[in-house]
Structure formats: C-alpha cells, structure tokens
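# Breakdown of the fold
Chain residues, written in single-letter form:
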Amino acid sequence: MPSDQIQWFPGHMAKTRRLITENLASVDIVIELLDARIPYSSANPELKKLIGQKPSVTVLNKYTLSDPAACAVWRSYYEKNGQSCIFTDCLTGYGLDRMREAVNAALSEKLKRYEEKGMAGRHIKAMIVGIPNVGKSSLINKLARNRSAKVENRPGVTTAKQWVTTSVGIDLLDMPGVLWPKFDDRQVGENLSMTGAVKDEVVQTEAVAYALCERLKRLYPSLLCQRYKLEPDFVADAEPYEIFEAVAKKRGLLLKGGEINVDRCSDLLLDEFRAGKIGKITLERPKNA
C-alpha cells in the first residue's frame, strides 16, 4: 500500500489549527491525547509549534488495549524528555483519577501564584487536542460524568470546539481531531489506518491488513498464532499476504471456488485488532530509546 500517499486533511482540520492558535490565550494548559498503541504516529508534529511555551500534558489513551511492557518503555521515554505523561482508558476509566494531579504538576508555579492571590480552587481551563478517533469525546464524558460530547467509533465526529465542565475542576475546551496534511513516513500512515484514525473509506483496507500482518509477525508472533491457530514455523517464514490468506482459510472467509474473500478478511483483522481481541498490542517503540 502506498501509505506515504495517504491524504486526509478535510477543511475542518485546517480550521482546527486556526482555532488552536486563536484560543491558546484563554486556556492554562494543553492536553494532548495520544493512542497508547501508536504514541509516535498519533502525536501531531505541528502541535509544539502551534502551542509554543504553553504548558502541556501528554495523555496516552486506550491503555487497556496496549502492551503494558511497551507502555513502560514509553513512560520512561517521556519522563527522560521532561514531558509529563499519564496512561488512561476512557472506556474503563483507568488512569483518569491521575488527570488532575498531572495537570496540577504541570501548572505548579501558576497555581502557586493563584493561591498567593487568594484564587485557590479556581477551575483550570485546558484545551484538549488529539487525532481523530483517539477517544477525546469518550474521555471528556468520563470526566464530566455525562454524555456532553458526541461519541462514535469513527474519526471526524467532533467538528467544532466546545467547552465542557468536568467533575475534577478542569474546564475542557474540546477541539476537533487533527491530522497533519501529509504522512511522509509510510509506517505512520499504516499505523493511523490500522487504528482507525484515518477513515477506512479512503484507504485500501486489504493493504492495511497486510501491513498489520507484518507488524504482528514481527512484534507479536505468539499472539498472532494463538488467535488464528497458526503454526509458529509457518508464521516465521511467511510473507504478510501468506499470513493473511492463512487467516482467511482458518476463519472460512472464502468465496465460491475457494477464493479468498479479501474484503471480509481485511475487515476481520482490523476489527479484531482494534477491539483488542488479538491481544494487548503496541505497534511502535520510541526512537533512540
């Protein structure tokens, strides 16, 4: 798949970049929500330039779908680079109790000044940003304890900024999901497609599924074999398309005449990966870690 040619930059995303810049002065801190399965690929490389010196916290969501050992490596990486980070899961609520603590730590000097001025207890205003389908709306609703933000398991649902008051003393300014204009790194495009950050309608799902087979073979061969009842020796020597075809045959995803039902097998692999049915998986590790 020519993933380096994936282009998905709707007009509302260009608008979001302007909204981020225009609204920075009205918030105390920026919270960037990443996908813990793809921390590098889900980080917007434009964000640091957009927010400048504004304090920030990195929140790696979908922790319960991720490999705990890999998450520990990422935690160490962020801490070594002086970046505050926490891991969360917006469906189970894991880690959300640390959100206020992390924000307070990043804003310690500002909060101290508030206290000196008799403004202790003042609500913190935070802008929350992240790529499409990373779970921003679900996380906000957990913190707000209601259904204030529309939630759907597809990218591009939030298309306008909205303020939400939470139960932890943080007023959140939710921004629409933002992807950058071009994916220069082939694997970034593939990773975003695998996790659903890029709409399935604009990519070749067969090629994305092949790429997923390659990642699983390289990083999690035992989980791949266990889920689809494949032999380790076969997986070790097989090309991604051969693994794909073996999965289709094991699951009976065949057309008349025994031909592989490519669409159904592609959907199966991607759906099962996204739902965590293959196992707890993190697709990338820190560079130079």
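Just so it is clear, the model here is predicted, and its values are computed rather than measured.

For the rest of this paragraph, the subject is the nonpolar core. One broad trend across soluble globular proteins is that nonpolar side chains are buried collectively. Grouped together as the largest cluster of nonpolar side chains are 60 residues, with contacts concentrated most on L139, L230 and L269. Setting aside chain neighbours within four positions, we find L139 in contact with L33, V59, N61, T88, C90, L96, M99 and I128.

What follows is about the confidence of the model for the chain. Do not read the fine detail of predicted coordinates wherever pLDDT is low. Mean pLDDT over the chain stands at 86; residues scoring 70 or higher make up 88%. Counted against residues more than four places away or in other chains, residues 1–5, with its pLDDT under 50, gives 16 contacts. Note that residues 149–159 has pLDDT below 50 and, in this model, 28 contacts with residues that lie over four places away or in other chains.

With that settled, the discussion passes to unusual backbone geometry. What is expected of a backbone is that most residues other than glycine have negative phi and most peptide bonds are trans. Phi at K62 is positive, roughly 65 degrees, even though this residue is not glycine. Structurally, K62 is set in the loop between β2 (56–61) and α4 (68–80). Phi angles above zero are rare outside glycine, and N133 is one such case at about 65 degrees. Among the structural elements, N133 can be located in the loop between β4 (124–130) and α7 (136–144).

Here the focus is the packing of aromatic side chains. In this description, an aromatic ring pair is defined by two values, namely the gap between the centres and the angle between the planes. Applying the stated criterion across every chain, the model contains six aromatic pairs. Centroid distance W74 to Y77: 5.6 Å. Interplanar angle 85 degrees. Geometry classified as edge-to-face. A residue pair is termed a helical-turn pair when its members lie 3 or 4 positions apart in one helix, as W74 and Y77 do in helix α4 at three residues. Residue Y77 is classed as partly exposed on the basis of its relative accessible area of 29%. Ring-pair connections join several aromatic residues into one group, and the members of that group are Y63, F87 and Y94. Positioned above the aromatic ring of W163, the side-chain terminus of K125 is 5.1 Å from the ring centre.

Bringing the pattern of salt bridges into the picture now. Applying the stated criterion across every chain, the model contains 12 salt bridges. When the shortest N-O distance is used, the salt bridge between R215 and E214 registers 3.1 Å. E272 serves as the salt-bridge partner of R251, at 3.1 Å between the closest nitrogen and oxygen. In this pair, R251 sits in the loop between α12 (240–250) and α13 (262–274) while E272 sits in helix α13, placing the two residues 21 residues apart along the sequence. Owing to a relative accessible area of 7%, E272 belongs among the buried residues under this scheme. Within this structure, R186, E190, E214, R215 and R218 form a network of salt bridges that share partners.

For T205, the location among the structural elements is in helix α9 (residues 205–219). Discounting chain neighbours no more than four positions away, the residues touching T205 are D200, S266 and L270.

Moving on, we come to the sheet that holds strand β5 (residues 162–165). Spatial ordering of the open sheet is given by β3-β2-β1-β4-β6-β5, a layout of six strands whose pairing is mixed. Of all the strands in the sheet, the pair left with one neighbour each is β3 (85–87) and β5. Averaged over all pairs of adjacent strands, the angle between their axes in this sheet comes to 25 degrees, without regard to strand direction. With five bridges joining them, β4 and strand β6 (residues 170–174) adopt parallel strand pairing. Paired with I128 across the two strands is D174, which belongs to β6.

What follows concerns a negative patch on the surface. Taken together, E206, D263, D267 and D271 make up a surface patch of like negative charges. Per-element tally for the negative patch: the top contributor is α13, with three residues. Classification of D271 by relative accessible area gives partly exposed; the value is 45%.

The rules behind the values
- Residues numbered from 1 in each chain as written.
- Predicted model: local features only at pLDDT ≥ 70, side-chain atom pairs only at ≥ 80, totals over all residues.
- Heavy atoms only, no water.
- Core = buried A, V, L, I, M, F, W, Y, C linked by side-chain atoms within 4.5 Å.
- Buried < 20%, exposed > 50% of the residue type's maximum accessible area, 1.4 Å probe, protein only.
- Contact = heavy atoms within 4.5 Å.
- pLDDT = per-residue confidence, 0-100.
- Helix = DSSP H or I, 4+ residues; strand = E, 2+ residues; numbered from the N terminus.
- Phe/Tyr/Trp six-rings, centres within 6.5 Å; stacked < 30°, edge-to-face > 60°.
- Lys NZ or Arg CZ within 6 Å of the ring centre and 35° of its normal.
- Salt bridge = Lys/Arg side-chain N within 4 Å of Asp/Glu carboxyl O.
- Pairing = 2+ DSSP bridges.
- Axes fitted to C-alpha atoms, helices over the stretch in contact; angles between N-to-C directions.
- Patch = residues over 30% accessible without salt bridge, like charges linked within 9 Å, V, L, I, M, F, W, Y side chains within 5 Å.
- Areas by Shrake-Rupley, 256 points an atom, 1.4 Å probe, with all protein chains shown as cover.
- Lys, Arg positive; Asp, Glu negative; His and termini not counted.
- Charge placed at Lys NZ, Arg CZ, Asp CG, Glu CD.

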